[in-house]
Amino acid sequence: TVVPGSTRTEFHERAGIGGRQIPAAAWMSPDDVAAAALAAAGAGRAWVVPGALNKVLAAAAGPVPRGLKRRLAARVARRM
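Definitions and limits used
- Residues numbered from 1 in each chain as written.
- Predicted model: local features only at pLDDT ≥ 70, side-chain atom pairs only at ≥ 80, totals over all residues.
- Heavy atoms only, no water.
- Patch = residues over 30% accessible without salt bridge, like charges linked within 9 Å, V, L, I, M, F, W, Y side chains within 5 Å.
- Areas by Shrake-Rupley, 256 points an atom, 1.4 Å probe, with all protein chains shown as cover.
- Salt bridge = Lys/Arg side-chain N within 4 Å of Asp/Glu carboxyl O.
- Lys, Arg positive; Asp, Glu negative; His and termini not counted.
- Charge placed at Lys NZ, Arg CZ, Asp CG, Glu CD.
- Helix = DSSP H or I, 4+ residues; strand = E, 2+ residues; numbered from the N terminus.
- Buried < 20%, exposed > 50% of the residue type's maximum accessible area, 1.4 Å probe, protein only.
- Expected span 1.5 Å × (residues − 1).
- Arc of directions from axis to C-beta.
- Phe/Tyr/Trp six-rings, centres within 6.5 Å; stacked < 30°, edge-to-face > 60°.
- Lys NZ or Arg CZ within 6 Å of the ring centre and 35° of its normal.

## Quick look at a positive patch on the surface
A cluster of basic side chains, namely R66, K69, R70 and R71, defines a positive patch on the protein surface. One can find K69 in helix 4 (residues 66-79). Note on K69: relative accessible area 33%, which makes it partly exposed.

Right, here's the structure in full:
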């Protein structure tokens, strides 16, 4: 499983959500995400969260109840 966070692709533009409110430091390149995924696969890891900021956010979200995560994600998506 790869949890890529914000990755610079055409996804945001095509989805009509822009991604303008995401801080520049949060974005990763597709090459960096792919390299992290391949390295994890080569190491036999089933789960990878590329990027330091993404790791922090994923760790912070871990203990949050799933329903609250969904509501927060929906709120963030509406603001984009």
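Now that the structure has been shown, we can carry on.
## With respect to helix 2 (residues 30-42)
A rise of 1.5 Å per residue sets the reference length of helix 2, with its 13 residues, at 18 Å; its end C-alpha atoms lie 18 Å apart and thus fit the reference within 8%. Listed as buried for helix 2 are V33, A36, A37 and A40. An end-on view of helix 2 places all buried positions within 100 degrees of arc, on one side of the element. Facing away from the buried side of helix 2, by more than 90 degrees, are the exposed residues D31, L38 and G42.

## With respect to the packing of aromatic side chains
Taken as a whole and judged by the stated rule, the model has 0 aromatic pairs. Note that R8 overlies the ring of W27, its terminal NZ or CZ placed 3.9 Å from the centroid.

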